[in-house]
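In case you want the letters, here they are:
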Amino acid sequence: MLYPVLFLLLLSVVGFYLNKNKSVYLSKNQKLASLPAYYGYLAFLYIFVPAIIIWLGLLIGKSFILQNYLILTLGDSLSIMNSDEINLFMSKVKNLSLGISFGNETDLEKFAAEKIISFDKIFSLLTYLVLTLSSILAFLIARKKVIPNFKSQRTVEKIVNRFIQICSLIAILITLGIFLSLVFETLNFFSYVNPLHFLFGLNWSPNKAFVIDSAETIDKDILRDAFGIIPLLGGTLLIAFLAMIVAIPLGLMSAIYLAEYAPKKIRDFSKPVIEILAGIPTVVYGFFAALVVAPKIVMLGKSMGFEVSSESALAAGLVMGVMIIPFVSSLSDDVINAVPQSLRDGSYALGATKSETIIKVILPSALPGIIGSFLLAISRAIGETMIVVMAASLQANLTINPLEPATTITTQIVTALTGDTEFDNPKTLVAFALGLTLFFITLFLNYFALKIVKKYREIYD
Amino acid sequence: MVNAITTENVNVFYGDKQAINNISLNFLKNKVTALIGPSGCGKSTFLRCLNRMNDVIEICRVEGKISINDQDIYKDQIEVEQLREKVGMVFQKPNPFPKSIYDNVAYGPRIHGFTDKKNEMDEIVATALKKAGLFEEVKNRLDDLGTSLSGGQQQRLCIARAIAVKPEVILMDEPCSALDPIATSIIEELITELKESYTIIIVTHSMQQAARVSDKTAFFHLGNLIEEGDTTKIFTKPDNQKTNDYITGRFG
Amino acid sequence: MTNLIKRKKAERRFQLYGIFAVSLSLLFVLTLIVNIFSSGIGGFYKTSFLMEIHFDQKLLKLEDNPSSEQIEDASFRKLISYNFKENFSQYSKDEIKQIKKLFYRKIDKETQSYLLKNPQYLNQKVELLFTASTDIDQIHKGNFNRNIPEKQRSINNFQLGIYDQFIETGKVKKVFNKRYFISGDSRDPESAGVASSVMGSVFTILICFLLSFPIAIFASIYLEEFAKSGKVTDLIEININNLAAVPSIIFGLLGLGILLNFFGLPRSTSLVGGMVLSFMTLPTIIVACRSSLRAVPPSIREGALALGATKNQVVFHHVLPLAMPGTLTGTIIGLARAVGETAPLLMIGMVAFIMNVPSTPLEPAVGMPAQIYLWSESAERGFIEKTSSAIILLLIFLIVVNFVSVYFRKKYEKKW
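Note that this is a predicted model, so its numbers are computed, not measured. (Residues numbered from 1 in each chain as written. Chains lettered and ligands numbered in written order. Predicted model: local features only at pLDDT ≥ 70, side-chain atom pairs only at ≥ 80, totals over all residues. Heavy atoms only, no water.)

(A) Highlighting the overall build of chain C. Assigned secondary structure in chain C consists of 18 helices and three strands. In summary, chain C has a C-alpha radius of gyration of 30 Å against a globular reference of 22 Å for 416 residues, an excess of more than 25%. Sequence separation of 24 or more characterises 76% of the internal contacts of chain C that already satisfy a separation of 6 or more. Of the accessible surface of chain C, which amounts to about 19,300 Å², a share of 59% is contributed by carbon and sulfur atoms. Seen as two clouds, the 46 positive and the 33 negative side-chain charges of chain C have centres 10 Å apart. (Helix = DSSP H or I, 4+ residues; strand = E, 2+ residues; numbered from the N terminus. Rg over C-alpha atoms; globule rule 2.2 N^0.38 Å. Contact = heavy atoms within 4.5 Å. Areas by Shrake-Rupley, 256 points an atom, 1.4 Å probe, with all protein chains shown as cover. Lys, Arg positive; Asp, Glu negative; His and termini not counted. Charge placed at Lys NZ, Arg CZ, Asp CG, Glu CD.)

(B) Broad picture of the pattern of salt bridges. This structure, assessed with the given rule, holds 35 salt bridges over all chains. A salt bridge links Glu174 of chain B to Lys43 of chain B; the nearest nitrogen and oxygen atoms lie 4.0 Å apart. One end of the pair, Glu174 of chain B, is in the loop between strand S7 (169-173) and helix H7 (181-194); the other, Lys43 of chain B, is in helix H1 (residues 43-49), and 131 residues separate them in sequence. Lys43 of chain B shares its class with Glu174 of chain B; the two are buried. Among the ionic pairs, Arg77 of chain C bridges to Asp108 of chain C, the shortest N-O distance being 3.8 Å. Taken together, the positions of Arg77 of chain C in helix H4 (residues 77-87) and Asp108 of chain C in helix H6 (residues 107-117) put the pair 31 residues apart, joining distant regions of the chain. Owing to a relative accessible area of 59%, Arg77 of chain C belongs among the exposed residues under this scheme. Each member of the salt-bridge network shares a partner with another, and the members are Lys151 and Arg154 of chain A together with Glu79 and Glu81 of chain B. (Salt bridge = Lys/Arg side-chain N within 4 Å of Asp/Glu carboxyl O. Buried < 20%, exposed > 50% of the residue type's maximum accessible area, 1.4 Å probe, protein only.)

(C) Geometry of the pairing of strand S8 (residues 199-203) of chain B. Residues and elements named next belong to chain B. Within S8, five of the five residues are buried, which leaves the element mostly enclosed by the surrounding structure. Side-chain alternation along S8 places Thr199, Ile201 and Val203 on one buried face and Ile200 and Ile202 on a second face that is also buried. Across four bridges, strand S3 (residues 32-36) lies against S8 in parallel orientation. Across the sheet, the residue bridging to Val32 is Ile200, located in S8. Pairing of S7 with S8 involves five bridges; the strand directions are parallel. Residue Asp173 lies in a different strand from S8, and its bridge partner there is Val203. As for the winding sense of the linkage, the β-α-β connection from S7 through H7 to S8 is right-handed. (Pairing = 2+ DSSP bridges. Right-handed = clockwise from strand over helix to strand, strands pointing away.)

(D) Expanded view of the domain arrangement of chain C. All names here are of chain C. Domain boundaries assigned for chain C yield domain 1 (47-176) and domain 2 (195-412). The gap between the C-alpha centroids of domain 1 and domain 2 is 47 Å. With six residues of domain 1 in contact, the opposing surface of domain 2 contributes four residues. Of the roughly 410 Å² buried between domain 1 and domain 2 on both sides combined, carbon and sulfur atoms contribute 43%. On the domain 1 side of the interface with domain 2, the three residues burying the most area are Thr134, Gln138 and Asn143, jointly 73% of the side's total. Counting the contacts that link domain 1 with domain 2 gives one salt bridge. A salt bridge links Lys141 to Glu385; the shortest N-O distance between them is 3.0 Å. Taken together, the residues that form the side of domain 1 that touches domain 2 break down as one nonpolar, three polar and two charged. (Domains from an automatic or database assignment. Buried area = accessible area lost by both parts, 1.4 Å probe. Nonpolar A, V, L, I, M, F, W, Y, C, P; charged D, E, K, R; others polar.)

(E) Just the nonpolar core, in detail. Counting 212 residues, the largest nonpolar core has Ile178 and Ile413 of chain A together with Leu35 of chain B as the members making the most contacts within it. Apart from residues lying up to four places away in sequence, Ile178 of chain A is in contact with Phe439 of chain A together with Leu243, Val246, Ile250, Phe251 and Leu254 of chain C. Counting 44 residues, the second-largest nonpolar core is a separate cluster that includes Tyr102, Ala106, Leu179 and Ile187 of chain B. (Core = buried A, V, L, I, M, F, W, Y, C linked by side-chain atoms within 4.5 Å.)

(F) View of the interface of chain C and chain B. Taken residue by residue, the interface counts 18 residues in chain C and 23 residues in chain B. Buried surface at the junction of chain C and chain B, both sides included, amounts to about 1,700 Å², of which 64% is carbon and sulfur. In this structure, Glu302 of chain C and Arg48 of chain B form a salt bridge, with 2.7 Å as the shortest nitrogen-oxygen distance. At the surface where chain C touches chain B, the tally comes to six residue pairs in polar contact (both at pLDDT 80 or more). (Polar contact = N/O pair within 3.5 Å; in protein donor to acceptor, adjacent residues only side chain to side chain.)

(G) Just the packing of aromatic side chains, in detail. Enumeration over the complete set of coordinates arrives at 41 aromatic pairs over all chains. A centroid spacing of 5.1 Å and a plane angle of 80 degrees characterise the contact between Phe7 of chain A and Tyr128 of chain A, whose relative ring orientation is edge-to-face. Residue Phe7 of chain A is located in helix H1 (residues 3-27), and its partner Tyr128 of chain A is located in helix H5 (residues 107-144); the two are separated by 121 residues in the primary sequence. Measuring from ring centre to ring centre gives 5.0 Å for Phe219 of chain B and Tyr246 of chain B, while their planes differ by 25 degrees; the resulting arrangement is stacked. Residue Phe219 of chain B is located in strand S9 (residues 216-221), and its partner Tyr246 of chain B is located in helix H10 (residues 241-247); the two are separated by 27 residues in the primary sequence. Across the pair, Tyr246 of chain B and Phe219 of chain B agree in class, each one buried. A network of ring pairs unites the aromatic residues Phe44, Tyr45, Phe176, Tyr180, Phe181, Trp375 and Phe383 of chain C as a single cluster. Lying over the aromatic face of Phe97 of chain B, Arg161 of chain B brings its terminal NZ or CZ to 4.3 Å of the ring centre. Note that Arg187 of chain C overlies the ring of Phe353 of chain C, its terminal NZ or CZ placed 3.7 Å from the centroid. (Phe/Tyr/Trp six-rings, centres within 6.5 Å; stacked < 30°, edge-to-face > 60°. Lys NZ or Arg CZ within 6 Å of the ring centre and 35° of its normal.)

Laid out in structure tokens, this is it:
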């Protein structure tokens, strides 16, 4: 797949040297407007840039061309299929052409697979031909530019600048991509389920959609009750809340102690060690929550006479809280350190003790920043996936009792999309609607958090 | 007497603020001209117009005519890179690149394509370092970082770096303000030697330095050119009362 | 005066809260690490039994001096049953069956590989080491309590008796589990290894690096050095900030929706995994690169400009090289985070049972974290130990990477 790129690179490098050598030769007699190397770079860019765009175009267009080619050659046999059948047929044939056989292929499929193989050969030959032609053409143009008063450096730099400008747009493209992919599939989902039922429904049981699927009739009345996001939102918030109960006091107090009280040695040791918690992959926390913490909580509950589920919100929440401690503490630490020393001095000069200064002067003036950091932490907790996938329940349960099982938005996204994923089923598509909801919630939280933090910074900067 | 640079009615604006008011001033070839005046008087701004270093500042706008060898340097057909090849600059704080001494000096010749032969480049570097009076001190450690030198040596390296591209004019923006007296005196001697081959324009806040090294002096105040002339004249019997006040230390 | 005493007490109490919070946080780190290490370190070892094997030529149906192919084709089942009968002749058929269950069920393959390596064993009696079954392995390592009622364990009293007998006769050995490092996933905990997932992670991160690093650097250069402030630039800034806060699973949905469904890239491959992770890593690298670019003093730029360098030359010859150490540190941190990322990879199908070590990024693969997730979901106790061992490897890798980045920063970071 990558050979054409290497081939192009080779051609471009050859072009570079040909042009450079010519300009070195020219520069012996007269001064050129730019260094010889820039005439070389010019050839390189002229050859490489258009050709790589052509290549990408061919790559994207290939499956489309292939499909039409097959429909043309097999016209009659395919015309009786509907679009789903064609898709199935295509994927089967493609697998067959790659040598993946399940032994149950029809003659038609085998014939089509052979067609694909020969098509592939011709297509790749054509690709090389097109790339070579475009390279030669581009080189001839670049060759014409090797004249003393052509400022090749300017041109090269313009191309480079345009390129890096495009690179900087990638952040926008990614956001756009996220948005489009989520919205597109969400709309698809809403063609099965009324958005109102999704947003305000109190029942979550997507497996009902499974039943419908097998019956091949879509009964909107059943779907109406299957995809209510409220219980998921409830579970998500419950677990995030539990996490905050752990993370906020511990994170904030650690930050205060380390910023205001701790001797340098303890600070230098504790800060990086606590930050280890932030570097541990979430799958490790998930493992820990599911296999160590949850059983302990069940045991503890039993000894105290409580009925605790082995997939309780408590286990996931507690462990998630631990994960978020360094997040809260380092953000709060920044905020506390940003409070000017003069405020502290003023308070001490009035005879206040350290804790009084912290509680009555530093914290109130750092409050917006601290609240901002809490909001960021909450958004992190809401979007966290692995811990809840591994430790929380799959069963939707609208409850505020942390000892009962609860499920979250992220857990349900993962459940919906692992295993068989067919994109004509509300059970799968709902993941994108959930994702969109999650995207908006976190965006909203971050927007506010950053706004608050920014405002706070402006006061002291 | 030939003018290396002529300027006519130069105005410089930073946004709405005018920093230079209608200055016309000529610089003689192979002479040292000192620009003096209290800080904020626009002497550095004016200096930076001569090699278009002000182009970097987005809000800065230059009006008027500045010509080098009868070519208007703000006209579009002049490439700013070629201009700076002809007009070198040494800055207030020595700013060698964090590369080897050799690469510091060779950088300019390389980007301007002076040569691609190693021995010719060695020659260019050695000549420039010799002219900057640094060669003897560093000839055995050309691969050391330029930043590892002492302050005075760094500044001479920067001068060598500027010389290496064979400029006609060297602009110096308070080249000694970050140096100790001994390093300063070495640089001052160097300036006197260099004027044989280059036109030098030096901005300085030290009047003694201006008196010691320059042939011509121009006194700037609040963006205006107050007075210009032979250094001896400016420092002994200036025409303008403000100049007199400044050089006798009444303000500044 | 009593007021002051009260205030002093409050002061001390407040400080105690602080100490409590810090110690509790440190305790969490300690618990986590001690727990993982103590349960996982055993996974690097395996319990093995010494047993004498008679490589009977007739039972193997081999000629004299057989070739490797012939040995590979031979069936070792009969040889194994024969040897078990020989070694445990005093027991009944049924009991021998139970004894056999103390060993890894693919003992015939192990025997075969011994002979492949040492063809001279043919017709000889040799005492060799054989992997114990995962159940007995867990008992031997003390991960499983053997004193619970017989019905609740997979090893019965008779089997335990044989095991004790093995111990007395010194036939039980704890050996380094090489297979864990060189083989891929398996249905049996005895032979499951991390090699395929390590390779999957390597490919994924490689792709992620190759995509995110250059793009992030070019984007940063544009934003820091060339962009004029305007609406587009503001929009880019906002987007970068937002991307840094988007939950990782959303990036997985992006990969699924756009890369797999729209562009039709191959599912479950490191290529797509790396692309998805690069979307997440980009903002991290951009932020690091931009702050390093900003830290390069303007005097360097001026110096180069004054020599007649163009803006591009200034940036690519001087500013970028100087910003490199800071950028690389940021990149390492970003990539280290990407290594541990699991959720987005679940979305694009990088959770599969992968036995073969992938050799290109276009083959289906899993990463280390996904392997950890898969193993932790499986019920067998042997896999739990494997999971912890994999976590240890992952953590050690991350710690090393972090040290490298700290070292890097200390060594190359310039203070201007």
